[in-house]
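# Chains, contacts and geometry: an overview
Now for the letters of each chain:
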Amino acid sequence: MIVTTKKLFEFAYGKYAIGAYNINNLEQIMGLFHGNLDSKAPFIIQISKGARSYTDKHMLEAMIRAADEIFPDAIFAVHLDHGDEQTCYDCIKSGFYSSVMIDASNEPFEENIAITKRVVDAAHTKNIVVEAELGQLGGVEEHVAVNEADAKLTDPDQAKEFVDRTGIDSLACAIGTSHGAFKFSGTQGLRFDVLAEIQKRLPGFPLVMHGSSSVPQEEVARINAAGGNLKGAKGVDANQFKKAATLGVTKINIDTDGRLVWTRVHREYFRDHPEVFDLRLPGKVFMSEYAKFIAEKNEKLGSAGQIDFIRKHL
Ligand code: G3H
Ligand code: 13P
Ligand code: ZN
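Just so it is clear, the structure is predicted and the values come from calculations on it, not from any experiment.

Let us now look at the overall build of the protein chain. Looking only at helices and strands, one finds 14 helices and 8 strands in the protein chain. In terms of C-alpha radius of gyration, the protein chain reaches 19 Å, essentially the compact-globule figure of 20 Å for 314 residues. In terms of overall dimensions, the protein chain has a C-alpha envelope of 60 × 45 × 35 Å along the principal axes. Residues classed as buried in the protein chain amount to 54% of the 314 residues present. Within the protein chain, counting contacts between residues at least 6 apart in sequence, those at least 24 apart form 78% of the total.

Attention now moves to the coordination of the zinc ion (ligand 3). Binding of the zinc ion (ligand 3) to the protein goes through His82 (NE2), His179 (NE2) and His210 (ND1), at separations of 2.0 to 2.1 Å. Donor residues binding the zinc ion (ligand 3) come from one chain and are separated in sequence as H-x96-H-x30-H. Here His179, found in the loop between strand 6 (170-173) and helix 9 (192-201), pairs with His210, found in the loop between strand 7 (207-209) and helix 10 (217-225); they are 31 residues apart in sequence, far enough to count as distant.

Strand 1 (residues 18-22) sits mainly inside the fold: 5 of its 5 residues count as buried. Covered by surrounding structure in strand 1 are Ile18, Ala20 and Asn22 together with Gly19 and Tyr21, the residues of both alternating faces. Here strand 1 runs beside strand 8 (residues 249-254); their pairing, made up of 4 bridges, is parallel. Within the sheet, the bridge partner assigned to Gly19 lies in strand 8 and is Ile252. Sheet analysis places strand 1 next to strand 2 (residues 43-48), joined by 3 bridges and oriented parallel.

As summarised here, the arrangement of the 8 strands in space is 1-2-3-4-5-6-7-8, forming a closed barrel in which the pairing is parallel. With strand direction ignored, the average angle separating the axes of adjacent strands in the sheet is 25 degrees. With respect to the sheet, helix 2 (residues 26-38) is in contact with strand 1, strand 2 and strand 3 (76-83), its orientation differing from that of strand 2 by roughly 165 degrees. Against the sheet, helix 8 (residues 156-166) touches strand 5 (129-134) and strand 6, its axis set at about 150 degrees to strand 5.

Turning next to the nonpolar core. Core analysis: the biggest nonpolar cluster contains 71 residues, and Phe33, Ile45, Ile47, Ile64, Val100, Ile168 and Leu171 have the highest contact counts within it. Looking at this core element by element, the count peaks at 6 residues for helix 6 (residues 109-124). Here Ile168 is in contact with Thr116, Val120, Val130, Ala132, Phe162, Val163 and Phe205, once residues within four sequence places are set aside. In this structure, Phe9, Ala12, Ala20 and Ile44 belong to the second largest nonpolar core, which totals 13 residues.

Conventions adopted
- Residues numbered from 1 in each chain as written.
- Chains lettered and ligands numbered in written order.
- Predicted model: local features only at pLDDT ≥ 70, side-chain atom pairs only at ≥ 80, totals over all residues.
- Heavy atoms only, no water.
- Helix = DSSP H or I, 4+ residues; strand = E, 2+ residues; numbered from the N terminus.
- Rg over C-alpha atoms; globule rule 2.2 N^0.38 Å.
- Buried < 20%, exposed > 50% of the residue type's maximum accessible area, 1.4 Å probe, protein only.
- Contact = heavy atoms within 4.5 Å.
- Donors = N, O, S within 2.8 Å, 3.2 Å for Na, K, Ca; no water.
- Pairing = 2+ DSSP bridges.
- Axes fitted to C-alpha atoms, helices over the stretch in contact; angles between N-to-C directions.
- Core = buried A, V, L, I, M, F, W, Y, C linked by side-chain atoms within 4.5 Å.

The structure is reproduced here in structure tokens:
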């Protein structure tokens, strides 16, 4: 059953975070549904612009609709990840997405507000909810002077003004994470102090944490042992998810870790079975490993075991 992210956030706020997982293909979709049902978790399917154009946006939509029929017990939102204005309008028009993200965070503050507000107005007339971003992820290097680095993080006072003036439904905050497999070049970690200040100014308002893959070191080691070269890869400590949830984070975005599962499975499979050329054999292993990975993440997020309560109170 497809619901809005807003609905899921009402259940989660202050208690746990919902996993937002990026998908690109059939095997990920199957593993995702199995993993969430195995762990009885609500979830968010995220579709990026790149995913929409990997084959065709209609292909992904059709596969997700099929999964919704195959797994009638699943409760999830369909969300556009990092959309530009035109892609948001396309998704709003499609009637398939229950939630869109407008990412104009690279624009100056006033322009970010203007673009975001236009998307909110278009989305809300169709009961679609909107996530927007303020601040800049990534690039917070250790050699950057303290106030220079802080300038890239979300400013709590601006966050309040941004939410008030745009009417968005959730806010993606920059609190020290970055996208991809190489986060935290030095000793930096999550800036819970900044998160707490944002929550103080926006009590009860759903916050979103991007760039939240953990980049497990065992996974990186296995990939490198099977011919990969991901030296120095590092991520967010998944044991901090629940603390983030108590500070208002209701959505935690995870893409890279799923890609690492895919890479490890396929590298090891072909290393260990050089005679194989049947794509379904590693595909089967991947679907099962991906389901396991999703279920484990949901335990860390606290979303595991929540689906029955949500179903009863929807
Ligand atoms: O934040 C970006 C996501 O990891 C999606 O990545 O644009 O390569 O699909 P992508
Ligand atoms: P990761 O690269 O840490 O998985 O972040 C994904 C993300 O934020 C998608 O929007
Ligand atoms: Zn992101």
